[in-house]
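# What the coordinates show
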Amino acid sequence: MFRLDVIDQEGDSVLRVAGRLKGEAVDILWEQTCGLAPPYTVDLRELVFADARGLEALHHLEQSGVRLIHVPELVRMQLERTS
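An account of the accompanying structure is given in this report. (Residues numbered from 1 in each chain as written. Predicted model: local features only at pLDDT ≥ 70, side-chain atom pairs only at ≥ 80, totals over all residues. Heavy atoms only, no water.)

### Some thoughts on the overall build of the protein chain
Definition in use: Put simply, DSSP H or I for four residues or longer makes a helix, DSSP E for two residues or longer makes a strand, and each gets a number counted from the N terminus. To get the radius of gyration, use the C-alpha atoms; to get the globule rule, take the number of residues to the power 0.38 and multiply by 2.2 Å. A simple rule labels every residue: compare its accessible area, found with a 1.4 Å probe on the protein chains alone, to the largest value its type can have, and call it buried under 20%, exposed over 50%, or partly exposed in between. Two residues qualify as a contact provided that any one of their heavy atoms is within 4.5 Å of a heavy atom in the partner residue. Residue burial considers only the protein chains on display, and all accessible areas are found by Shrake-Rupley using a 1.4 Å probe. The convention is simple: Lys and Arg are positive, Asp and Glu are negative, and His and the chain ends are not counted. Just so you know, the charge point we use is NZ for Lys, CZ for Arg, CG for Asp and CD for Glu.
In terms of regular secondary structure, the protein chain is built from three helices and four strands. Listing the helices and strands of the protein chain from first to last along the sequence gives β-β-α-β-α-β-α. Here the C-alpha radius of gyration of the protein chain, 12 Å, is about what a compact globule of 83 residues would show, namely 12 Å. Dimensions of the protein chain along its principal axes, counting C-alpha atoms only, are 30 × 25 × 20 Å. The buried share among the 83 residues of the protein chain stands at 36%. In the protein chain, once contacts between residues fewer than 6 apart in sequence are set aside, the share between residues at least 24 apart is 62%. Total accessible area computed for the protein chain in this model is approximately 5,100 Å², and 49% of it derives from carbon and sulfur atoms. Positive and negative charge centroids in the protein chain, built from 9 and 14 side chains respectively, lie 6 Å apart.

Right, dumping it as structure tokens:
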């Protein structure tokens, strides 16, 4: 299961990612973020799993200036390994 909500908070975009970031979910994330210019925020509070493509997407977003918040500890460790 995967859910992506786009929320406008005081003029800033926040993308809330929930569930499993894998397969088609990664494509959905790319589609939603391709029209947004940083800075914006991706909230990972409800992320439960990210496969290699999902981690690659998150790493790319972060390196592009996107702010990742509430990153699960295991995901943060995996992202730091790819840096």
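### Comments concerning the sheet that holds strand E4 (residues 67-69)
Going by this rule: When DSSP finds two or more bridges between two strands, those strands count as paired. As a rule, the C-alpha atoms of each element are fitted with a line to give its axis, helices using only the stretch in contact, and angles between N-to-C directions run from 0 to 180 degrees.
Ordered by their spatial adjacency, four strands build an open sheet running E1-E2-E3-E4, and the pairing between neighbours is mixed. Two strands bound the open sheet, and with one partner strand each, they are strand E1 (2-9) and E4. This sheet shows a mean twist of 20 degrees between the axes of neighbouring strands, independent of strand direction. Two elements, E1 and strand E2 (residues 12-21), share eight bridges in a ladder whose sense is antiparallel. Looking across to E2, one finds that aspartate 5 is bridged to arginine 16.

### Regarding the nonpolar core
Using the following cut-off: To qualify as a nonpolar core, a set must consist of buried Ala, Val, Leu, Ile, Met, Phe, Trp, Tyr and Cys residues joined through side-chain atoms within 4.5 Å.
Judged by nonpolar contacts, the single largest core of 21 residues is most densely connected at Leu21, Leu29, Val42, Leu44, Leu47, Leu58 and Leu68. The set of elements that each furnish at least two residues to this core consists of E2, helix H1 (24-33), strand E3 (41-50), helix H2 (52-63) and helix H3 (73-82).

### Digging into the packing of aromatic side chains
Quick note on the threshold: Aromatic rings from Phe, Tyr and Trp, with only the six-membered ring used for Trp, were paired whenever their centres fell within 6.5 Å, and each pair was classed as stacked if the ring planes differed by under 30 degrees, edge-to-face if by over 60, and tilted otherwise. By definition here, charges over rings are those cases where NZ of Lys or CZ of Arg is within 6 Å of the ring centre and within 35 degrees of the ring normal.
What the rule picks out here adds up to zero aromatic pairs. In this structure, arginine 20 is placed above the aromatic ring of phenylalanine 49, and the distance from its NZ or CZ to the ring centre is 4.5 Å.

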